[in-house]
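What follows is each chain in one-letter form.
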Amino acid sequence: MRPLIMPASHPRFRRSKSIAILLLALVCPSVGRSSASEHREHVVERTYSETLRYRCLVNLPDDYEVDAERHWPLILFLHGGGALNVETLKESIGGLTGLPAIVVTPICPPSKYGERYTNWDSMHLGEVVREIGKEYRIDAKRRSVVGFSMGGSGAWELPSYENKLFAKSVVIAGLCHPWSLRHYSTTQVWVFVGAKDYMRKEQQETVTSAKRFKVDVVETVWEGEDHAGIFRRAMSYQRMLDWLVSDEDLRVSQHDADAGTAPKR
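The paragraphs below set out a description of the structure included in this document. (Residues numbered from 1 in each chain as written. Predicted model: local features only at pLDDT ≥ 70, side-chain atom pairs only at ≥ 80, totals over all residues. Heavy atoms only, no water.)

We now examine the overall build of the protein chain. The secondary structure content of the protein chain amounts to seven helices and ten strands. Per-residue burial for the protein chain yields a buried fraction of 46% across its 265 residues. Excluding contacts between residues fewer than 6 apart, the proportion of contacts in the protein chain whose partners are at least 24 apart in sequence is 72%. For the protein chain, the computed accessible surface area is about 14300 Å², with 50% contributed by carbon and sulfur atoms. (Helix = DSSP H or I, 4+ residues; strand = E, 2+ residues; numbered from the N terminus. Buried < 20%, exposed > 50% of the residue type's maximum accessible area, 1.4 Å probe, protein only. Contact = heavy atoms within 4.5 Å. Areas by Shrake-Rupley, 256 points an atom, 1.4 Å probe, with all protein chains shown as cover.)

On a regular strand, each side chain points to the face opposite its neighbour's, so the side chains alternate between the two faces of the sheet. Where burial is concerned, most of strand 5 (residues 72-78) is hidden: seven out of the seven residues are buried. Here strand 5 runs beside strand 7 (residues 138-148); their pairing, made up of six bridges, is parallel. Within strand 7, the residue paired with Trp72 across the bridge is Ile138. Inspection of the sheet shows strand 5 paired to strand 6 (residues 102-106) by three bridges, in the parallel sense. Across the sheet, residue Leu74 finds its bridge partner in strand 6, namely Ile102. (Pairing = 2+ DSSP bridges.)

Summarising burial for strand 10 (residues 217-222): six of the six residues are buried, a large majority. Neither face of strand 10 is open: one carries Val217, Glu219 and Val221, the other Val218, Thr220 and Trp222, and all of them are buried. As judged from the six bridges shared by strand 9 (residues 188-194) and strand 10, these two strands associate in the parallel manner. Across the sheet, residue Val189 finds its bridge partner in strand 10, namely Val217. Viewed along the sheet, the connection from strand 9 through helix 5 (residues 200-212) into strand 10 turns out right-handed. (Right-handed = clockwise from strand over helix to strand, strands pointing away.)

Here the idea is simple: oppositely charged side chains can pair when their charged atoms come close. Within this structure, the stated rule accounts for six salt bridges. The partner of Glu127 in a salt bridge is Arg130, and the shortest N-O contact between them spans 3.1 Å. Taken as a pair, Glu127 and Arg130 lie in helix 3 (residues 122-135) at a separation of three residues, close to a single helical turn. Here Glu162 ties to Arg130 by a salt bridge, and the two come within 2.9 Å at their closest N and O atoms. In this pair, Glu162 sits in the loop between helix 4 (150-161) and strand 8 (168-172) while Arg130 sits in helix 3, placing the two residues 32 residues apart along the sequence. The class of Glu162 is buried, set by a relative accessible area of 14%. For Arg130, a relative accessible area of 33% translates into the label partly exposed. Taken together, the salt bridges that share partners define one network made up of Glu127, Arg130 and Glu162. (Salt bridge = Lys/Arg side-chain N within 4 Å of Asp/Glu carboxyl O.)

Within helix 6 (residues 227-235), burial applies to His227, Gly229, Ile230, Phe231, Ala234 and Met235. Looking at where helix 6 begins, the residue whose side-chain oxygen comes 3.4 Å from the main-chain nitrogen of Ala228 is Asp226. (Polar contact = N/O pair within 3.5 Å; in protein donor to acceptor, adjacent residues only side chain to side chain.)

A few words now on the nonpolar core. A general tendency of soluble globular proteins is for nonpolar side chains to be buried together. Residues Ile102 and Trp156 are the most contacted members of the largest nonpolar core, which totals 40 residues. For Ile102, the residues in contact, after removing those within four places along its chain, are Val58, Asn59, Leu60, Pro61, Tyr64, Trp72, Pro73, Leu74, Ile75, Tyr136, Arg137 and Ile138. Among the nonpolar cores identified, the runner-up in size contains 31 residues, and Ile75, Ile107, Phe148 and Ile230 belong to it. (Core = buried A, V, L, I, M, F, W, Y, C linked by side-chain atoms within 4.5 Å.)

We note that Ala173 has phi near 55°; this positive angle belongs to a residue other than glycine. With respect to the helices and strands, Ala173 occurs in the loop between strand 8 and strand 9. Even without being a glycine, Lys214 presents a positive backbone phi close to 65°. Here Lys214 lies in the loop between helix 5 and strand 10.

Here helix 3 crosses helix 4 at 75°, and the two axes come no closer than 9 Å. Between helix 3 and helix 4, the interaxial angle falls into the category roughly perpendicular. Of the residues in helix 4, those touching helix 3 at Ser122, Leu125 and Gly126 are Glu157, Leu158 and Tyr161. For the contact of helix 3 with helix 4, a count of residues per class yields three nonpolar, two polar and one charged. (Axes fitted to C-alpha atoms, helices over the stretch in contact; angles between N-to-C directions. Parallel < 35°, antiparallel > 145°, perpendicular 65-115°, else oblique. Nonpolar A, V, L, I, M, F, W, Y, C, P; charged D, E, K, R; others polar.)

The structure is reproduced here in structure tokens:
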């Protein structure tokens with residue numbers, strides 16, 4: 001496996017995002033002698049501009065150069081929050097990089113407002129995936145996203161914003177606001193929850209909301225695993241890894257004793 005690091009200075013990632021927020025019609029009734037039917041209209045406009053650069057680790061399968069016509073599955077991995085050690089990150093995704101797929105691992109750029117505001121931006125990630133698709137031979141029908149914790153929340157929400165990009169999503173110890181699930185795509189979602197995870201309740205509430213909104217989701221709960229343990233176990237779970245690059249439908253999956261509990265619908 002040949003890891004390839006796309007530097008932040010790569011021209012494909014020099015993209016500025018300008019977000020114009022228009023606070024329209026702050027309508028306030030006039031005061032004093034003005035008629036009650038008269039209004040004054042205030043329009044306040046602010047423009048926020050910033051450049052977010054995504055350093056991406058790109059791992060190509062061993063046979064990538066052998067067949068110049070072959071297109072490969074894409075797996076986008078979204079890491080969790082907190083202090084990030086890139087070398088540890090590379091080791092933790094070893095199960096993914098051993099698959100016959102192109103594995104893209106972006107590094108989440110820090111927020112200028114501090115660590116508590118650092119999060120994955122679904123609109124930016126969609127652009128990252130499209131830019132990567134211009135550089136490598138990717139099978140557009142076999143794109144997956146895998147995320148843990150903060151990245152798990154991203155793996156929940158990204159298919160909602162980019163409903164044509166991903167066929168599969170793996171959420172490890174992640175949650176999201178139910179509102180993000182109202183108009184979900186046809187993406188199949190496999191959720192992994194640790195029974196001892198301190199946020200188990202919130203994670204399972206997200207699954208319940210997803211089912212209510214008819215999201216194609218299955219859930220695997222592992223007894224005895226906490227927040228960190230569920231990540232280590234899921235990332236070494238061969239059945240999940242194989243599913244990412246196969247045509248298996250989780251809706252007809254059978255019980256696997258190694259899973260602790262069978263996937264649920």
